[in-house]
Structures are given as C-alpha cells and as structure tokens.
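Listed below, chain by chain, are the residues.
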Amino acid sequence: MSTSAGSEVVQLLRMRLHALNDLALTLKHVHWNVVGPHFIAVHEMLDPQVDAVREMIDTTAERISTLGGVPCGTPGALVAERTWEDYAIGRAESIEHLGALDVVYTGIIEDHREAVRATDEPDPITQDMLIEQLRSLELFQWFIRAHLESSGGRLSTAHESSEAGAARAAGEQARRQP
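Below, the structure is looked at part by part. (Residues numbered from 1 in each chain as written. Predicted model: local features only at pLDDT ≥ 70, side-chain atom pairs only at ≥ 80, totals over all residues. Heavy atoms only, no water.)

**Section: the pattern of salt bridges**
Inspection of every chain in the model, using the stated rule, returns 10 salt bridges. Between Asp47 and Lys28 there is a salt bridge, with its nearest N and O atoms 2.8 Å apart. With Asp47 in helix 2 (residues 39-66) and Lys28 in helix 1 (residues 3-33), this residue pair connects regions lying 19 residues apart in the sequence. Beyond isolated ion pairs, a larger network of salt bridges with shared partners links Asp22, Arg82 and Asp86. (Salt bridge = Lys/Arg side-chain N within 4 Å of Asp/Glu carboxyl O. Helix = DSSP H or I, 4+ residues; strand = E, 2+ residues; numbered from the N terminus.)

**Overview of the layout of surface pockets**
Taken as a whole, the largest pocket holds about 410 Å³ of empty space. Considering the residues around the largest pocket, the lining is formed by 20 residues, among which Trp84, Val103, Val104, Gly107 and Glu163 are closest to the centre. Secondary structure elements with two or more residues in the lining of the largest pocket: helix 1 and helix 4 (94-118). Per-element accounting of the lining of the largest pocket gives the leading share, 6 residues, to helix 4. Class assignment for the residues of the lining of the largest pocket results in 7 nonpolar, 6 polar and 7 charged. In this structure, the second largest pocket spans a volume of roughly 300 Å³. (1 Å grid on protein atoms, 1.4 Å probe; cavity = no way out; pocket = protein on both sides within 12 Å on 5 of 7 lines; lining within 4 Å. Points joined across faces, edges and corners; volume = space filled by probe spheres on them. Nonpolar A, V, L, I, M, F, W, Y, C, P; charged D, E, K, R; others polar.)

**Let's talk about the packing of helix 2 against helix 4**
Taken N-terminus to C-terminus, the directions of helix 2 and helix 4 make an angle of 30°; their axes are 10 Å apart at the nearest point. Here helix 4 runs roughly parallel to helix 2, going by the angle between their axes. The two elements helix 2 and helix 4 cross, and the hand of that crossing is left-handed. Between helix 2 and helix 4, the contacting residues are Phe39, Val42, Met45, Leu46 and Gln49 on the first element and Ser94, Leu98, Leu101 and Tyr105 on the second. In the contact of helix 2 with helix 4, the residues fall into 7 nonpolar, 2 polar and no charged. (Axes fitted to C-alpha atoms, helices over the stretch in contact; angles between N-to-C directions. Parallel < 35°, antiparallel > 145°, perpendicular 65-115°, else oblique. Left-handed = near helix turned anticlockwise from the far one by under 90°. Contact = heavy atoms within 4.5 Å.)

**Topic: the packing of aromatic side chains**
By the definition in use, this model includes 2 aromatic pairs. Measuring from centroid to centroid gives 6.3 Å for Phe140 and Phe143, while their planes differ by 45°, and the two rings are tilted. Highlighted residues: Phe140 and Phe143, both in helix 5 (residues 124-145), separated by 3 residues, approximately one helical turn. Overall, Phe140 belongs to the buried group, its relative accessible area being 8%. Ring centres of Trp142 and Phe143 lie 5.7 Å apart, and the angle between their planes is 40°; on these two criteria the pair is classed as tilted. Aromatic ring contacts, followed pair by pair, group Phe140, Trp142 and Phe143 into a single cluster. (Phe/Tyr/Trp six-rings, centres within 6.5 Å; stacked < 30°, edge-to-face > 60°. Buried < 20%, exposed > 50% of the residue type's maximum accessible area, 1.4 Å probe, protein only.)

By themselves, these figures tell us nothing about what the structure is for.
Structure (structure tokens):
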C-alpha cells in the first residue's frame, strides 16, 4: 500500500473509530434512560451490543496503529471531528429510543459500507475488518427493528431520517396498536 493510500485509510478509520465510540456511548445513554413497559427487555438487550461495539473500537484503533497512524479516542477529538449531531433523546419510552436507535444504526451502517467500498483496492485487510463489523451492526439493527416492525412488515421508522422523527413515529405507532 502506498503512503498516501495508507494515510487515506487511516483517516477513514479515524472517523469509523469516532462513530463506534459515539455509538457505544449512545447505547449506554439509552440503557440508562429507557423507561416503560419494555424497559427490562431493551435495557438487557443493549449491554451485549455495547460490549461488541467496544471490541470493534479496540480492533479499529489497533488497525490504525498497525498502519502507522495514531488512534485518538478522546471525547474532544470525537466531538471536534464528527459530522453528526449528538444523540437527541433523553429519558423516554423504550419504543421511542428504539426508533431513534434505528436511525443511528442506519447512519453507522451506511458509513461503514462506504468505508468497505473505499478500502476494496488499497487495503483488503481493513475491508475484511469492516465487513466483519457490519455483520454485527446489521444484526443489532435487526434486533432494534424487531420492536418497530408490524407483523405485516411495516417499519414504523421507515420514512424518518432524524432521531427525533423516528422516536415520534415509533411512539405513535405503538400507541395505535392494541
């Protein structure tokens, strides 16, 4: 791999590192702030996700180091360099948090897929790592969506692009169901 290609991969991984760190923090935030009748199911579903994402963080940081980069996992770097807003939902019903998390996972997955495409030629090792992470991220989104989907296959957050909009749509759908 050329030096310039290696630098591009390191920068790409730096943003994946920020996204994964943000996801782990967001999942714990939801874990602490979820309420309602499905509290325990959601509360307990999130800890294994946090653990798995933390493993992804470590693997990503180690790949950055392997490529000669410097992984930066400080909150200041994450906030300064991220391109997304902070998670917007505080204490809320479990279904509302799940709606918002669906949007969070969609963003992470889309950006990971773009990173997979970008590493196809210069770094198949990094690409393989990202593909493995996608397997888990997509599985976790499926767990989230199982709470948001009707038996007819309608996803309550299907047309939402913001966390607040998805939380609202998920809550409204849940209130309409018997």
